Amino acid sequence: MAALGRAVGLCGRAAHVAAGLRGRLPGRGYAAARGPAESPPTFGFLLDIDGVLVRGHKVIPAALEAFRRLVNSQGQLRVPVVFVTNAGNILRHSKAQELSALLGCKVDPDQVILSHSPMKLFSQYHNKRMLVSGQGPVVENAQLLGFQNVVTVDELRTAFPVLDMVDLERRPKSTPLQKSDFPAIEGVLLLGEPVRWETSLQLIMDVLLSNGNPGTGLATAPYPHLPVLASNMDLLWMAEAKMPRFGHGTFLLCLETIYQKVTGRELRYEGLMGKPSILTYQYAEDLIRQQAERRGWATPIQNLYAVGDNPMSDVYGANLFHQYLQMSKHGGAEKIGAGGLWKQQPSATQNCTSILVCTGVYTPQNPGSTDPAQEEAAPPFHGHRDFSFSPGLMEASHVVNDISEAVQLVFHREGWAL
């Protein structure tokens, strides 16, 4: 984290960097970028959404400026772009429509990766009866991912009303008959933060402790427990409020802590996806490749630029994937926990470069201060417990003010016209 701390002053100087980039590109202005002679791209963008392109429901002005550079005169993207978000309480096509309206650029659903999108790859669980937690269109999302038999927390609560006892107003006024024909649950699917945390935490625990039969009681909690698939490990995320808000990572932390406290054992995940999971970046890389093929760009995409606002999910994830790319060339990917991942087509990607913007979760502390720098304690580790703290992975390759400056930086590095 000390490395990240050294980046604090960079945001304040980012405008000068961007100005310098423009100054080093004489005769290659915005109009030149519209010409037909532009070569096929060998790079692509992985863009976070919240805190990079939008804050809540409002587009960040720099995002509009960035997309004016990214789109050609025919309204098409000049380079492949995939939007990689840890949000999951929305349908993929709805998020694409929302982005299209905000950015003034056509965004297709297959350019959007939600936190749970890689769950499509976990086909061994698609025919199991899964308890699904989250909010929004959770059933439709689960079905689009391939899960054929899902039960919501509300459906489970209706079947077993005596399980949900925290809210006095929702407690049953009389003792209902015990339901005896409710099929056993075979796994738990955590798509995003729910609304009533106490209800979801209680009923998920009931399912895990009863081996999928919450109407019964077991003398000893089964272990290993039923399979758990989860997405979105973000402890915090940025909306319109001045301070970050709780993310699904906070909910997972609560569930893990309760399970550990009650059973004395560690809650285990069969799949944990969303940034910073390598699997999410593999999935994004494959969508970038497909997008380039559809556009007829025969030149392989070699460099990916991941732009985000969250050091733990965006920077850590991009750097971890870059490390994976380097190690996979020498057969050492298993050393960073990448064994058994989805086997995609042979990859031409050589690098994944992390770019941190200052418009979301990460903001510089006292950017205008002239006081001498003082040694500060390292900030707390906000990452998930299954991703061990590695200070080097928290250091962004570049820190800029916003997405517009990130695009300028990348275009300069790649020798492209602004």
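Residues numbered from 1 in each chain as written. Predicted model: local features only at pLDDT ≥ 70, side-chain atom pairs only at ≥ 80, totals over all residues. Heavy atoms only, no water.

1. Observations regarding the side chain of Lys275
Here's step 1: Take Lys275: it is sitting in the loop between strand S12 (271-273) and helix H9 (278-294).
Here's step 2: Assessed through its relative accessible area of 3%, Lys275 is described here as buried. (Helix = DSSP H or I, 4+ residues; strand = E, 2+ residues; numbered from the N terminus. Buried < 20%, exposed > 50% of the residue type's maximum accessible area, 1.4 Å probe, protein only.)

2. A closer look at unusual backbone geometry
Here's step 1: The omega angle of the peptide bond from Tyr223 to Pro224 is 5 degrees, so this bond is cis rather than trans.
Here's step 2: The topology assignment puts Pro224 in the loop between helix H7 (197-209) and strand S9 (228-231).
Here's step 3: Of note, the amide linkage connecting Lys275 to Pro276 takes the cis form, showing an omega dihedral of 15 degrees.
Here's step 4: At Asn211, a position not held by glycine, the phi torsion is positive, near 60 degrees.

3. Some words on the confidence of the model for the protein chain
Here's step 1: Confidence along the protein chain averages 86 in pLDDT terms, with 83% of residues attaining 70 or more.
Here's step 2: Confidence drops under a pLDDT of 50 for residues 12-36, and excluding neighbours within four residues, the segment shows 36 contacts in the predicted structure.
Here's step 3: Segment residues 335-340: pLDDT under 50, and 10 contacts once partners within four positions in sequence are set aside and those in other chains are kept. (pLDDT = per-residue confidence, 0-100. Contact = heavy atoms within 4.5 Å.)

4. Re the pairing of strand S13 (residues 303-308)
Here's step 1: Buried residues dominate S13, accounting for 6 of its 6 residues.
Here's step 2: Of the two faces of S13, the one holding Asn303, Tyr305 and Val307 and the one holding Leu304, Ala306 and Gly308 are both buried throughout.
Here's step 3: As paired elements, strand S1 (residues 43-47) and S13 share 5 bridges and run parallel to each other. The residue bridging Gly44 from the neighbouring strand is Leu304, located in S13.
Here's step 4: Pairing between S13 and strand S14 (residues 351-357): 6 bridges, direction parallel. Bridge pairing in S14 places Gly308 opposite Leu356. (Pairing = 2+ DSSP bridges.)

5. Observations concerning the packing of H7 against helix H8 (residues 248-263)
Here's step 1: At a closest axis distance of 11 Å, the pairing of H7 and H8 adopts a crossing angle of 45 degrees. It follows that H7 is oblique to H8 by the angle criterion. In terms of crossing hand, the pair formed by H7 and H8 is right-handed. On the side of H7, the interface is formed by Trp197, Ser200, Leu201, Ile204, Met205, Leu208 and Leu209, while H8 contributes Thr250, Phe251, Cys254, Leu255, Ile258, Tyr259, Val262 and Thr263.
Here's step 2: Here the contact of H7 with H8 is built from residues that sort into 12 nonpolar, 3 polar and no charged. (Axes fitted to C-alpha atoms, helices over the stretch in contact; angles between N-to-C directions. Parallel < 35°, antiparallel > 145°, perpendicular 65-115°, else oblique. Left-handed = near helix turned anticlockwise from the far one by under 90°. Nonpolar A, V, L, I, M, F, W, Y, C, P; charged D, E, K, R; others polar.)

6. Some thoughts on the sheet that holds S14
Here's step 1: The strand order S5-S4-S1-S13-S14-S15 describes an open sheet built from 6 strands, whose pairing is parallel. Strands at the two margins of the open sheet, each flanked by one partner only, are strand S5 (112-113) and strand S15 (398-400).
Here's step 2: Those strands touched by H9 are S1, strand S4 (81-84), S5 and S13, and its axis lies near 155 degrees from that of S4.
Here's step 3: On the sheet, helix H10 (residues 311-328) packs against S13 and S14 and is oriented at approximately 165 degrees with respect to S14.

7. Comments concerning the sheet that holds strand S6 (residues 129-133)
Here's step 1: With parallel pairing, 5 strands are arranged side by side in an open sheet as S7-S6-S8-S9-S12. Taken across any chain shown, the strands that pair with only one partner, and hence form the sheet edges, are strand S7 (149-152) and S12. On average, adjacent strands in this sheet sit at an angle of 20 degrees to one another, irrespective of strand direction.
Here's step 2: Here 4 bridges tie S6 to strand S8 (residues 187-190), and the two strands are oriented parallel to one another. Its bridge partner lying in S8, Val132 is registered against Leu189.
Here's step 3: Relative to S8, H8 is tilted by about 150 degrees, and along the sheet it contacts S6, S8, S9 and S12.

8. A look at the side chain of Thr349
Here's step 1: With respect to the element layout, Thr349 can be found in the loop between H10 and S14.
Here's step 2: By relative accessible area, which is 8% here, Thr349 ends up buried.
Here's step 3: Within the structure, the side chain of Thr349 is placed 2.8 Å from the side chain of Glu285, a separation counted as a polar contact.
Here's step 4: Among all residues touching Thr349, those that are not within four sequence positions of it are Glu285, Ile301, Gln302, Leu304 and Leu325. (Polar contact = N/O pair within 3.5 Å; in protein donor to acceptor, adjacent residues only side chain to side chain.)

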